[in-house]
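Residue-level structure breakdown
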Amino acid sequence: MNGVHDLGGMDGFGPVEPEPEGEEPVFHAAWEGRVYGLTRLIGRLGLWNLDTARHARERQRPADYLARSYYESWLAGLETQLTERGLVSPDELRSGEASFPAPAEVAARAVRPEQVRAAPIMTTRYTRPESAPPRFAPGDLVRARNRHPRGHTREPRYVRGKAGVVREHYGAQVYPDLSAEGVDEGRHLYSVRFEARELWGESANPNAAVYVDLWEDYLEPAS
Amino acid sequence: MPDNHRHDHDHTEPPSDIELRVKALESLLIEKGLVGAESLDALVDLYEDKIGPANGKRVVARAWADADFKRRLLAEPVEAVASMGYVAAQGEQMRVVENTDGAHNLVVCTLCSCYPWPLLGLPPVWYKSAPYRAQAVADPRGVLRRFGTELPEETEVRVWDSTSEMRYLVLPQRPDGTDGWDEERLASLVTRNSMIGVEPARAPEEASVR
């Protein structure tokens, strides 16, 4: 979707305002840590994946997305997914008290403390078997397709229609556009280099480039 | 920030709307057996206290001190950092990009907030903020200037937009005047920001005054 989350190249947000490193807490309030932890743990129940979770945050109304703090957005995304899947009801969210149980087979997958504490810590595999040979190889000139899918995608607007050069083939990896819809399929993934002037025009400093990871469906050959 | 947390009270006063909302969600999910209270505490503690930029600092320091480790880190970063015990979510796939006299690297996630958690912990607010995500790809030198980093015109800036599940870590240049330093001393010069790429590593004289 052409969502508000796709921020690369937008103007008007004002300058970056860093807090001094070393003075910034990991969580700026206790509730942020709880939202982070709940999102991670619920995410391990096998009900949805990283792409559906991202898409739930991206589907917020644009004004809400920009006005909410980072963990407020996470909370909104988590509540959206929990209610959409029928795991909790809006009434339960208000009261904090359960009026119906969770399916036993889902609760049986709840993350145990030892899974949190010992390496590998809650890791996920993103590579998939290659069902076809890669269409592109390092050094190939490619163009990011001018796609505007209505669902989730990881092809940022600022590269669409732009030409670049394949730097590396990362193998077949889970394809976000389908994964967000619950369909698990692999597609070849590439690291592609775009020159700054190709992306941003003549006013850009020419001595810069942006590397973007793009799935094969996002690319076409360029000449 | 929205106006749902009005600062007409001090923080020993009753909890805000969002605190209540999160508390309600937490007790609901625990009651339904979807989240274990002990797992939740353990996870929050882990990212508050243990998984943070100190891991990345040790990795960079080792790469500076040990040429063989540096070769492994650049060639097979996941395996190299696993040998130091860093195996966790958001580090399943990584590339380490090396700063040189000719090229300076900068990492961003324009679409969300992707970041190499096992080595840097959770990202700072500015990394997740709209200004950084918007500007890092379009005006990287302007962003670097906000951090006091001015690069020579002939240095190429390479921005890495984390659009997939590949995570990027910048290997900053080893500061001059550190010959013979051991890993622990070298690690004191590595900053989180230098591993995102917005700043160089500290110079030895800078570290001694801090």
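Predicted, not measured: the structure shown is a model, and the values here were computed from it.

Some details on the overall build of chain B
Broken down by element type, chain B carries twelve helices and four strands. Overall, the C-alpha framework of chain B stretches about 55 × 40 × 35 Å when taken along its three principal axes. Within chain B, the proportion of its 210 residues that are buried is 50%.

What to know about the overall build of chain A
When helices and strands are tallied, chain A shows nine helices and five strands. The order of α-helices and β-strands along chain A, N terminus first, is α-α-α-α-α-α-α-β-β-α-β-α-β-β. Its C-alpha atoms give chain A principal-axis dimensions of about 60 × 45 × 35 Å. Considering chain A as a whole, with its 223 residues, one finds that 39% of them fall into the buried category. Contacts in chain A between residues at least 24 apart in sequence constitute 65% of all its contacts with a sequence separation of at least 6.

Description of the domain arrangement of chain A
Residues and elements named next belong to chain A. With domains assigned, chain A is organised as domain 1 (30-117) and domain 2 (141-221). Distance between the C-alpha centres of domain 1 and domain 2: 29 Å. Domain 1 puts six residues into the contact, and the matching count from domain 2 is five residues. Of the residues belonging to the side of domain 1 that touches domain 2, the class tally is no nonpolar, three polar and three charged.

What about the pairing of strand E2 (residues 103-108) of chain B?
Residues and elements named next belong to chain B. Where burial is concerned, most of E2 is hidden: five out of the six residues are buried. Here E2 runs beside strand E3 (residues 156-161); their pairing, made up of six bridges, is parallel. What sits directly across from His104, in E3, is Val157.

Side note on the sheet that holds E2(B)
The strand order across the open sheet formed by seven strands is E5(A)-E1(A)-E2(A)-E3(A)-E4(A)-E3(B)-E2(B), and the pairing between neighbours is mixed. A strand with exactly one partner marks an edge of an open sheet, and here the two such strands are strand E5 (219-221) of chain A together with E2 of chain B. The average undirected angle you get between the axes of adjacent strands in this sheet is 35°. For strand E2 (residues 163-174) of chain A and strand E3 (residues 186-195) of chain A, the ladder comprises seven bridges, and the chain directions are antiparallel. Within E3(A), the residue paired with A:Ala172 across the bridge is A:His188. Its contacts with the sheet put helix H8 (residues 130-138) of chain B on strand E4 (208-215) of chain A together with E2 and E3 of chain B, and the angle it makes with E2(B) is roughly 150°.

Some thoughts on the nonpolar core
Counting residues in hydrophobic clusters, the biggest one holds 103 residues, and the most contacted among them are A:Leu38, A:Val210 and B:Val159. Considering every element that reaches this core, the biggest residue donor is E4(A), with seven residues. If sequence neighbours within four positions are ignored, A:Val210 has contacts with A:Phe194, A:Ala196, A:Leu199, B:Val137, B:Val159 and B:Asp161.

Side note on the pairing of E2(A)
Here strand E1 (residues 141-144) of chain A runs beside E2(A); their pairing, made up of three bridges, is antiparallel. Residue pairing for E2(A): A:Val142 is matched across the bridge by A:Gly164.

Some details on helix H2 (residues 37-50) of chain B
Taking 1.5 Å per residue as the helical rise, H2(B) with its 14 residues ought to reach 20 Å, and the 19 Å between its terminal C-alpha atoms agrees with that figure. Buried-residue contacts for H2(B) involve helix H1 (30-42) and helix H7 (113-117) of chain A.

What about the interface of chain B and chain A?
Taken together, the contact between chain B and chain A spans 70 residues of the former and 77 residues of the latter. Elements supplying a minimum of two residues to the side of chain B that touches chain A: helix H1 (17-31), H2, helix H7 (125-128), H8, helix H9 (140-146), E3 and helix H11 (192-196) of chain B. Ranked by residues supplied to the side of chain B that touches chain A, first place goes to H1(B) with eleven residues. Class assignment of the residues belonging to the side of chain B that touches chain A gives a composition of 38 nonpolar, 14 polar and 18 charged.

As for the packing of H1(A) against H2(B)
The interhelical angle for the contact between H1(A) and H2(B), taken along N-to-C directions, is 115°, at an axis separation of 9 Å. Here the hand of the crossing between H1(A) and H2(B) comes out right-handed. Here A:Gly33, A:Arg34, A:Tyr36, A:Gly37, A:Leu38, A:Arg40 and A:Leu41 of H1(A) come into contact with H2(B), specifically with B:Ser39, B:Leu40, B:Leu43, B:Val44, B:Tyr47 and B:Glu48. Looking at the contact of H1(A) with H2(B) residue by residue, the classes come out as seven nonpolar, three polar and three charged.

Rules used throughout
Residues numbered from 1 in each chain as written. Chains lettered and ligands numbered in written order. Predicted model: local features only at pLDDT ≥ 70, side-chain atom pairs only at ≥ 80, totals over all residues. Helix = DSSP H or I, 4+ residues; strand = E, 2+ residues; numbered from the N terminus. Buried ≥ 20, exposed ≤ 12 C-beta atoms within 10 Å, placed from the backbone. Contact = placed C-beta atoms within 7 Å. Domains from an automatic or database assignment. Nonpolar A, V, L, I, M, F, W, Y, C, P; charged D, E, K, R; others polar. Pairing = 2+ DSSP bridges. Axes fitted to C-alpha atoms, helices over the stretch in contact; angles between N-to-C directions. Core = buried A, V, L, I, M, F, W, Y, C linked by C-beta atoms within 7 Å. Expected span 1.5 Å × (residues − 1). Left-handed = near helix turned anticlockwise from the far one by under 90°.

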